[in-house]
Amino acid sequence: LIHHLALIGKSLGHSFSKKYFEDFFSARGDKESTYRLIELDDIQGWKEKSLSVYNLTGFNVTIPYKKEIFNLCDDCTQEALLTQSVNTVKITKGKWLGTNTDLLGFDTALQNFIPHEFAQKAAILGDGGAAQAAKVVLKNRGIPFITIKRSHPNNEFDWREWLENRDTYRLIVNTTPVGMYPFVDQTIPFPFDLLTEKHFLFDMIYNPSKTLFLSLGEKHNAKIKNGQEMLIKQAEAAWNFWNSDQMQPTI
Ligand code: NAP
């Protein structure tokens, strides 16, 4: 099977996908498949272009188009429906089939991070696309959660619920891009000094490998994990989706 794949997004300077898939093609001795980066200022006309200009067999989607692509898909998986967002599209006979492999990525990474019997709660920081994936995974795992997001226009977080119950909200998941390269000296203003060795900090960011959010958590003895494994697992799941006959990847 020859693949013509791409990643679409607004700004792709940080992308890992091109190298990942090109290395993958080389390892398989596949000299014909391609993976390109396509920066789009908007997705107007993208459906036609994906076929007529780029002749794609599938593509990945990143910030800020996951929701818009979901709305443009001809059909989608349960994962896409549950999150109302799509990060992977398979193009078959001109039709777009969408899924969201961030779910599987986050689920696997989380499983390898928190204890098997995790009878605690979680706080999700941010409420964008990646947060929706986190919510579905936590719900499936029976982990109750709260979502904490900034207010507009003050840009402030309300930490009260977490502060009052911080011994039960032991998992904290950063789903915001704050602290991502090149803004490595930034972090969500989390009350880090109240963290203990009982807390688990997960940052979906993978570049840098240790964000300021994670280093401050580590400094206060929390266990930490970055977005690297999630990234690899979502890419593997995308590959499986492009190669499978059936549409439904299993979480
Ligand atoms: P998104 O849909 O744009 O959502 C971003 C969220 O972060 C929104 O809730 C946004 O709040 C909030 N936010 C943005 N800037 C902020 C700031 N300065 N202060 C406070 N909150 C802020 O983006 P996304 O697709 O969810 O991606 C978010 C991050 O997750 C990115 O860093 C991305 O690389 C990472 N990610 C990693 C993986 C992986 O495989 N490791 C997969 C998916 C995503 P507003 O609505 O108020 O703007």
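Residues numbered from 1 in each chain as written. Predicted model: local features only at pLDDT ≥ 70, side-chain atom pairs only at ≥ 80, totals over all residues. Heavy atoms only, no water.

**Quick word on the overall build of the protein**
Line of reasoning, step 1. The number of helices and strands found in the protein is nine helices and eleven strands.
Line of reasoning, step 2. Its C-alpha atoms give the protein a radius of gyration of 19 Å, near enough to 18 Å, the size a compact globule of 251 residues would have.
Line of reasoning, step 3. Principal-axis analysis of the C-alpha atoms places the extent of the protein at approximately 55 × 35 × 35 Å.
Line of reasoning, step 4. Nonlocal contacts in the protein, meaning residues at least 24 apart in sequence, comprise 66% of its contacts between residues at least 6 apart.
Line of reasoning, step 5. Surface accessibility of the protein: about 12,600 Å² in total, with carbon and sulfur atoms responsible for 50%.
Line of reasoning, step 6. Between the mean site of the 28 positive side-chain charges and the mean site of the 29 negative ones, the protein shows a separation of 1 Å. (Helix = DSSP H or I, 4+ residues; strand = E, 2+ residues; numbered from the N terminus. Rg over C-alpha atoms; globule rule 2.2 N^0.38 Å. Contact = heavy atoms within 4.5 Å. Areas by Shrake-Rupley, 256 points an atom, 1.4 Å probe, with all protein chains shown as cover. Lys, Arg positive; Asp, Glu negative; His and termini not counted. Charge placed at Lys NZ, Arg CZ, Asp CG, Glu CD.)

**Digging into a negative patch on the surface**
Line of reasoning, step 1. On the surface, Glu-39, Asp-41, Asp-42 and Glu-68 cluster together into a negatively charged patch.
Line of reasoning, step 2. Its place among the elements puts Asp-42 in the loop between β2 (34–39) and α2 (46–52). (Patch = residues over 30% accessible without salt bridge, like charges linked within 9 Å, V, L, I, M, F, W, Y side chains within 5 Å. Salt bridge = Lys/Arg side-chain N within 4 Å of Asp/Glu carboxyl O.)

**Examining the sheet that holds strand β5 (residues 88–92)**
Line of reasoning, step 1. Here we have six strands laid out as an open sheet, ordered β2-β1-β3-β5-β6-β4, and mixed in their pairing. Lying at the two open borders of the sheet, with one neighbouring strand each, are β2 and β4 (75–76).
Line of reasoning, step 2. The pairing of strand β1 (residues 4–9) with β2 spans six bridges and is parallel. Counterpart to His-4 in the pairing with β2 is Thr-34.
Line of reasoning, step 3. Against the sheet, helix α1 (residues 17–27) makes contact with β1, β2 and β3 (58–61), and its axis sits at roughly 170° relative to β2, the strand it touches most.
Line of reasoning, step 4. Each of β1, β2, β3, β5 and β6 (95–99) is contacted by helix α9 (residues 228–243), which is oriented at about 15° to β5, the strand it contacts most. (Pairing = 2+ DSSP bridges. Axes fitted to C-alpha atoms, helices over the stretch in contact; angles between N-to-C directions.)

**Points about the packing of helix α5 (residues 102–111) against α9**
Two quantities define a packed helix pair, namely the angle between the axes and the distance from one axis to the other.
Line of reasoning, step 1. It is at 7 Å that the axes of α5 and α9 come closest, and there the two elements cross at 135°. On the basis of their axis angle, the class for α5 and α9 is oblique. Where α5 crosses over α9, the handedness of that crossing is right-handed. Of the residues in α9, those touching α5 at Asp-102, Leu-104, Gly-105, Phe-106, Thr-108 and Ala-109 are Glu-229, Met-230, Lys-233, Gln-234 and Ala-237.
Line of reasoning, step 2. Across the contact of α5 with α9, the residue classes tally to five nonpolar, three polar and three charged. (Parallel < 35°, antiparallel > 145°, perpendicular 65-115°, else oblique. Left-handed = near helix turned anticlockwise from the far one by under 90°. Nonpolar A, V, L, I, M, F, W, Y, C, P; charged D, E, K, R; others polar.)

**Thoughts on the packing of α5 against helix α6 (residues 129–140)**
Line of reasoning, step 1. Between α5 and α6, whose axes approach to 9 Å, the crossing angle comes to 55°. Compared by their axis directions, α5 and α6 come out oblique. The interaxial crossing formed by α5 with α6 has right-handed handedness. Contact residues: Asp-102, Leu-103, Phe-106, Asp-107 and Leu-110 in α5; Ala-133, Ala-134, Val-136, Val-137 and Leu-138 in α6.
Line of reasoning, step 2. Here the residues of the contact of α5 with α6 are counted per class, giving eight nonpolar, no polar and two charged.

**What to know about the sheet that holds strand β10 (residues 200–203)**
Line of reasoning, step 1. Taken in spatial order, the five strands make up an open sheet running β8-β7-β9-β10-β11, and their pairing is parallel. Unpaired on one side and paired on the other, β8 (145–148) and β11 (223–225) mark the two borders of the sheet. The average undirected angle you get between the axes of adjacent strands in this sheet is 20°.
Line of reasoning, step 2. In the packing of α5 onto the sheet, the strands contacted are β9 (169–174), β10 and β11, and the crossing angle to β10 comes to about 150°.

**Considerations on the side chain of His-3**
Line of reasoning, step 1. Residue position: His-3 is located in the segment before β1.
Line of reasoning, step 2. Every residue in contact with His-3, bar those within four places of it in the chain, is listed here: Ser-33, Thr-34, Thr-57, Trp-239, Trp-242 and Asn-243.

**As for the site of the ligand**
Line of reasoning, step 1. The local shell around the ligand holds 24 residues, among which Asp-127, Gly-129, Ala-130, Arg-150 and His-152 are the closest.
Line of reasoning, step 2. Here an oxygen atom of the ligand and a backbone polar atom of Gly-129 are 2.9 Å apart.
Line of reasoning, step 3. Between the ligand and Ala-130 there is a distance of 2.7 Å, counted from an oxygen atom to a backbone nitrogen or oxygen.
Line of reasoning, step 4. In isolation the ligand has 920 Å² of accessible area, and contact with the protein removes 77% of it.
Line of reasoning, step 5. Placement of the ligand is best described as lying within the largest pocket.
Line of reasoning, step 6. Looking at the shell around the ligand element by element, the count peaks at three residues for α9.
Line of reasoning, step 7. The class makeup of the residues in the shell around the ligand is twelve nonpolar, eight polar and four charged. (Near = heavy atom within 4 Å. Polar contact = N/O pair within 3.5 Å; in protein donor to acceptor, adjacent residues only side chain to side chain. 1 Å grid on protein atoms, 1.4 Å probe; cavity = no way out; pocket = protein on both sides within 12 Å on 5 of 7 lines; lining within 4 Å. Sits in = over half its atoms within 2 Å of the grid points.)

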